Amino acid sequence: MILVTGGAGFIGGNFVLDWLSNSVAEPILTLDKLTYAGNLATLEPLKNDPRHVFVHGDIGDQILVKRLLAEHRPRAIINFAAESHVDRSIHGPSDFVQTNIVGTFNLLECAREYWNGLDGHDKQQFRFHHVSTDEVYGSLSASDPAFTEVKAYEPNSPYSASKAASDHLVRAWFHTYGFPVVTTNCSNNYGPYHFPEKLIPLVILNALNSKALPIYGDGQQVRDWLYVGDHCSAIREVLAKGRLGETYNIGGWNEKANLDVVNTICAMLDDLKPRADGKPYADQITFVKDRPGHDRRYAIDASKVERELGWKPNETFETGIRKTVQWYLDNPQWVEGVVSGSYREWLQKQYS
Ligand code: NAD
Ligand code: DAU
C-alpha cells in the first residue's frame, strides 16, 4: 500500500481518486489534517471502498506517523500535505513554516526510521515522493528561459520559501542518509475539487454569483497551467520510474497571462451558462491592489521528465479549462460544502 499525505486537498484528492479508479491499484492510506483546504467530500466516492483508509491527523505528529508506518507498512509515501496559498502565507506565515518545513522534517525522520527497519527487497523498493512547486525557482522576466531542474532556488513569498526549505531537507536526506527520495516541482494546477481561494475556481464561482472578478495589478503576470489529472499521471510515472535523489519539473507548456485566463473563463461561461441580463461575464472584471512581492512569470521546462520517463500532458489548456468550468457547473453541492463560514471570513480579509 501507499501512504498519501494531504489526500483530502485539491491535488492529493485528485491523485487518490485517479489511483483507485484503477481496479488493480494498491490500497491507499490517506493522512490529512483537514485544515480549511482539506475536504472529505472530495473522497466521498471512496467511502465504501475497502482499499482506502482515511486518518485525520498531522504530518508533524511524530507518535501518530510512527504508528501508522508500523501498522500499515507502506511501500511508498507521497507527500502532498502543505499550506499552499501564497496570499494566506503573506497574512500569516507561521502555519507554512510549521507544516511545510517542520511537518516535512518530521515525516522524513519517521520515514527514515521506518525504512532503516526494512529488509532486502522492501528496503530497496521504498520511495519517499515529495510534491513541490515551481515557485521555489523565483520569478522570470518575459525573455528568460523556462525553469530547468538546475535553476537556482530564489523563493520570494513565505509560501515558496517554506516549500524551498522542505525541498532542501528532502535533498539532504538523500545525500546524507541515502534515504530514497524523488521530488517533483510542478507548475500551476487547475481542475476539479480546486479550493475557490485560487484564481481559476474563484473566478468561475464569482462570475456565477454576480461578484467582481479580482485581477491583481495589471493582470499581465504569467503562470504555466497544467490540468490536475496530468500532474497525477506525472507523479505516478516518477514514483514508478524516477531516479532516486533526482528532481523532475512537471509542466504543461501552457504559459498564460492572468487576464487572458480570466477572459477565457468568461467567454466559456458566456457560452455554457449565459448571464440572465445577456451581458458578458467579462464586465465583472475588476482590477484590485497587487499581491505584495508578486512573481511576474513562471514557466516550466518539462523536457527532462519527457526525455527520461516519456511523460507528456494529455490536456491542452483549452480542453482542460472547458472540463474544469463544466465540472464547477455540474457540482454545486461540493462547492456549497467548502464555502464555509471561515472561507467567507478569508474573502472579507483579502478583498475588502
Ligand atoms: P491544498 O491546500 O488544496 O491541500 C493541502 C492538503 O494538505 C489539505 O487537504 C490539508 O488539509 C492538508 N494539510 C495541511 N496541513 C497538513 C498537515 N500538517 N498534516 C496533514 N495534512 C495537512 O493544496 P494543493 O493545491 O492540493 O497542493 C498539494 C501539494 O502540491 C502542496 O505541497 C503544494 O505545495 C504542491 N503544489 C501545488 C500546486 C498547485 O497549483 N495547487 C502546484 C505545484 C505544487
Ligand atoms: O506555481 C505553482 C503554485 O501555483 C502552487 O505552488 C501554489 O500552491 C498555488 O496556489 C499556485 O500559486 P499562485 O499564486 O500562482 O496561484 P493563485 O491561484 O493564487 O494565483 C494565480 C495568479 O493569479 C497569480 O499571479 C495571482 C493572480 N490572482 C490570484 C487571485 C487569488 C489574481 O489576480 N486575483 C486573485 O484573486
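Residues numbered from 1 in each chain as written. Chains lettered and ligands numbered in written order. Predicted model: local features only at pLDDT ≥ 70, side-chain atom pairs only at ≥ 80, totals over all residues. Heavy atoms only, no water.

A. Here's a closer look at the packing of helix H7 (residues 199-208) against helix H9 (residues 258-272). Relative to each other, H7 and H9 sit at 40°, their axes nearing to 10 Å. Taken together, the axes of H7 and H9 are oblique relative to one another. You can see that H7 and H9 cross each other, and the crossing is right-handed. For the pair formed by H7 and H9, the contact residues are Leu199, Ile200, Val203, Ile204, Ala207 and Leu208 on the first element and Asn258, Val261, Val262, Ile265 and Leu269 on the second. Classifying every residue of the contact of H7 with H9 gives 10 nonpolar, 1 polar and no charged. (Axes fitted to C-alpha atoms, helices over the stretch in contact; angles between N-to-C directions. Helix = DSSP H or I, 4+ residues; strand = E, 2+ residues; numbered from the N terminus. Parallel < 35°, antiparallel > 145°, perpendicular 65-115°, else oblique. Left-handed = near helix turned anticlockwise from the far one by under 90°. Contact = heavy atoms within 4.5 Å. Nonpolar A, V, L, I, M, F, W, Y, C, P; charged D, E, K, R; others polar.)

B. How the structure looks around the site of ligand 1. What surrounds ligand 1 is a group of 28 residues, the closest being Ile11, Asp32, Ser84, Tyr159 and Lys163. At a separation of 2.7 Å, an oxygen atom of ligand 1 approaches a polar side-chain atom of serine 84. Note that an oxygen atom of ligand 1 is positioned 2.9 Å from one of the backbone N or O atoms of asparagine 189. Coverage of ligand 1 by the protein amounts to 97% of the 830 Å² it exposes when considered alone. Put simply, the parts of the chain that give the shell around ligand 1 at least two residues each are helix H1 (10-20), strand E5 (127-133), helix H6 (158-177) and strand E7 (188-190). Top contributing element to the shell around ligand 1 by residue count: E5, with 3 residues. (Near = heavy atom within 4 Å. Polar contact = N/O pair within 3.5 Å; in protein donor to acceptor, adjacent residues only side chain to side chain. Areas by Shrake-Rupley, 256 points an atom, 1.4 Å probe, with all protein chains shown as cover.)

C. Highlighting helix H11 (residues 317-330). Relative to the 20 Å expected for 14 residues at 1.5 Å per residue, H11 spans 20 Å between its end C-alpha atoms, a close match to the ideal helical length. For H11, the elements touching its buried residues are E7, H7, strand E9 (222-227), strand E11 (255-257), H9 and helix H12 (332-338). (Expected span 1.5 Å × (residues − 1).)

D. Inspection of the site of ligand 2 at higher detail. In the neighbourhood of ligand 2, 24 residues make up the surrounding shell, with Asp134, Tyr159, Asn188, Arg291 and Tyr351 lying closest. At 2.7 Å, a side-chain N or O of glutamate 135 approaches an oxygen atom of ligand 2. The separation between an oxygen atom of ligand 2 and a polar side-chain atom of tyrosine 159 is 2.6 Å. Here ligand 2 has 690 Å² of accessible area as a free molecule, and 95% of this is covered by the chains. Going through the elements one at a time, H7 and strand E8 (213-216) are the ones with two or more residues in the shell around ligand 2. With 3 residues, the top contributor of residues to the shell around ligand 2 is E8. Residues belonging to the shell around ligand 2 are distributed by class as follows: 10 nonpolar, 8 polar and 6 charged.

E. Spatial organisation of the environment of phenylalanine 80. Summarising the element assignment, phenylalanine 80 is placed in the loop between strand E4 (76-79) and helix H3 (86-91). For phenylalanine 80, a relative accessible area of 11% puts it in the buried group. Here the alpha-carbon distance between phenylalanine 80 and tryptophan 173, two residues 93 residues apart in the chain, equals 18 Å. If we skip the residues at most four places from it in the chain, phenylalanine 80 touches Val4, Thr5, Gly6, Ile11, Gly12, Phe15, Val131 and Ile235. (Buried < 20%, exposed > 50% of the residue type's maximum accessible area, 1.4 Å probe, protein only.)

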